[in-house]
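Analysis of the macromolecular model
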Amino acid sequence: MKEEIPSPKKAKSIMSRLFLLMTLVLLPLSAHAQRVMNVRKNVPLDSIRLSDPAVLADESTKMYYMTGTGGMVWRSSDLRLWEGPYRVTQFEADSWMGPRPMIWAAELHQTGDGQYYYFATFTNQAVKIDTVRGNVIERRACQVLRADNPMGPYLAFGDSTYLPADRPTLDGTYWCDTNGKPYMVFCGEWLQNWNGTIEKIELKSDLSGTLGEPRVLFRASDSPWSKEKSEQGDTIWNKVTDGPFLFLTGTGRLGMIWTSWVFDVYTQGVAYSESGTLDGPWVQEPHPITPPNFGHGMLFKTLDGRWLMSVHSHKNQKGRYIRIPHFFEVYLSGDKLVVGQMIQ
């Protein structure tokens, strides 16, 4: 039988179908390659540059997963040597976040339902929502993504927005009260309100959205330790609220660490709820709880049962901020959080 030679038109059609098939086959590989691009192994903690480090100690994999600003994930079996960074998020181009949002202060949470939740601040720089005192404010808000394993990919899964679109919000964290009711606790950005807030909003039971309206828990001006200079040169409270994280002491007392500034020094303090609930009132401790230039902390329990605080150090080097993650020992057995030595 004589072999049929396809016409130029038919050959072009065949080549088009082959090209499409190859594209479909290679797309998942390209996405995977993008996620593992430039991954490094056996990296000491103090060699990582990362703001707002947050650690998930995962019982199912017996691994630690660290994320933060930038949204990448590092993983480790011993908290000393790390592998990463991995890209673990995926976005839809038609969401309010856009296809490539800026990511701040990401946290990983596991609630016991077999799913993993990614709380983070997303900024869509293409959208402007306000101008205050000459500052143009971009669309920035806290949102929750979800995955079925700690390495993602984390995807939007619920409400299109969690918080009001006309406000810049940031540093959302997860809290579940003693009645099993979940909340997001977050900051209202000082750039708009000029007196930063820490607020709460109730989450749906599956974390797929929010219920009701936000409620202010306290304001930057409530802090006895944060300071800055006013336009007139007077010393006043610093307007920044940053990095809230909730915890319970051994006596069941509800506390919150959070960060602001003492003039040009990045500083972390702590407050306690007199009622034992998010509603407070919140009483600020008079002095910071970590050394100068450490902040945006969170607490996690290691796989062998110790409590640690993850923070980043903050150093201005010729106008460039250098931020490195560190771990401090912490003790919660009494009525207050006690910060111990840095783990070297």
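Residues numbered from 1 in each chain as written. Predicted model: local features only at pLDDT ≥ 70, side-chain atom pairs only at ≥ 80, totals over all residues. Heavy atoms only, no water.

So, about the nonpolar core. As a rule of thumb, nonpolar side chains are buried together in soluble globular proteins. Counting 29 residues, the largest nonpolar core has Met66, Trp82, Ile257, Leu299, Met309, Phe327 and Leu337 as its most contacted members. For this core, the element with the most residues is strand β20 (residues 294-301), which contributes four residues. Excluding anything up to four places from it in sequence, Leu299 contacts Phe245, Phe247, Ile257, Trp307, Leu308, Met309, Val330, Leu332 and Leu337. Of all hydrophobic cores here, the second largest spans 20 residues; its members include Val88, Trp96, Tyr116 and Leu145. (Core = buried A, V, L, I, M, F, W, Y, C linked by side-chain atoms within 4.5 Å. Buried < 20%, exposed > 50% of the residue type's maximum accessible area, 1.4 Å probe, protein only. Helix = DSSP H or I, 4+ residues; strand = E, 2+ residues; numbered from the N terminus. Contact = heavy atoms within 4.5 Å.)

Our next topic: the pairing of strand β13 (residues 210-219). Note that strand β12 (residues 197-203) and β13 share six bridges and pair antiparallel. Across the sheet, Lys200 pairs through a bridge with Arg215, a residue of β13. The hairpin formed by β12 and β13 contains six residues between the paired strands, and Leu207 there has a positive phi angle of roughly 65 degrees. (Pairing = 2+ DSSP bridges.)

A separate point is the sheet that holds strand β21 (residues 307-317). Across the sheet, which stays open at both edges, the four strands sit in the order β20-β21-β22-β23 with antiparallel pairing between neighbours. Of all strands in the sheet, those with a lone pairing partner are β20 and β23 (338-342), marking the two edges. Direction aside, the axes of adjacent strands within the sheet are offset by 35 degrees on average. Bridge count between strand β22 (residues 320-331) and β23: three bridges; the pairing is antiparallel. (Axes fitted to C-alpha atoms, helices over the stretch in contact; angles between N-to-C directions.)

Inspection of the secondary structure assignment puts Thr89 in the loop between β5 (81-87) and β6 (102-110). The class of Thr89 is buried, set by a relative accessible area of 10%.

All right, on to the pattern of salt bridges then. Enumeration according to the criterion identifies 13 salt bridges in this entry. For the salt bridge of Arg215 with Asp279, the shortest nitrogen-to-oxygen distance reads 3.5 Å. Of this pair, Arg215 sits in strand β13 while Asp279 sits in the loop between β18 (265-273) and β19 (282-284), placing them 64 residues apart in sequence. Take Arg215: its relative accessible area is 39%, and that puts it in the partly exposed class. Of the residues examined, Asp279 reaches a relative accessible area of 38% and is grouped as partly exposed. Connected via shared salt-bridge partners are Lys128, Glu138, Arg140 and Glu189. (Salt bridge = Lys/Arg side-chain N within 4 Å of Asp/Glu carboxyl O.)

Here we take up the packing of aromatic side chains. As enumerated under the stated definition, the model contains 14 aromatic pairs in all. For the pair Phe247 and Tyr272, a centre-to-centre distance of 6.1 Å together with 85 degrees between the ring planes defines the contact as edge-to-face. Separated by 25 residues along the polypeptide, Phe247 in strand β16 (residues 242-248) and Tyr272 in strand β18 bring together distant segments of the chain. On the accessibility criterion, Tyr272 (2% relative accessible area) is buried. Of the aromatic side chains, those joined through ring pairs into one cluster are Phe91, Tyr118, Phe122 and Tyr154. Lying across the ring of Trp96, Arg139 places its NZ or CZ 4.1 Å from the centre. The lysine or arginine in question, Arg253, covers the ring of Tyr272, its NZ or CZ lying 4.1 Å from the ring centre. (Phe/Tyr/Trp six-rings, centres within 6.5 Å; stacked < 30°, edge-to-face > 60°. Lys NZ or Arg CZ within 6 Å of the ring centre and 35° of its normal.)

Attention shifts here to the sheet that holds strand β7 (residues 116-132). Pairing in this open sheet of four strands is antiparallel, and the strands run β6-β7-β8-β9 from one edge to the other. Each of the sheet's edge strands pairs with one partner strand only, and the pair in question is β6 and β9 (155-156). Sheet analysis places strand β8 (residues 135-147) next to β9, joined by two bridges and oriented antiparallel. When the bridges of β9 are listed, Leu145 appears paired with Ala156.

Of note, Ala120 is situated in strand β7. Residue class for Ala120 comes out buried when judged on its relative accessible area of 1%. With 51 residues separating them along the chain, Ala120 and Asp171 place their C-alpha atoms 6.5 Å apart.

With that settled, consider the pairing of strand β11 (residues 182-188). Most of β11 sits inside the fold, with seven of its seven residues counted as buried. Burial along β11 is two-sided: the face carrying Pro182, Met184, Phe186 and Gly188 and the face carrying Tyr183, Val185 and Cys187 are both buried. One ladder, built from six bridges, connects strand β10 (residues 169-176) with β11; its direction is antiparallel. Counted as the bridge partner of Cys176 is Pro182 from β11. Linking β10 back to β11 in an antiparallel pair, the connection comprises five residues, with Gly180 at a positive phi of about 85 degrees. One ladder, built from six bridges, connects β11 with β12; its direction is antiparallel. Along β12, the bridge assignment pairs Met184 with Ile201.

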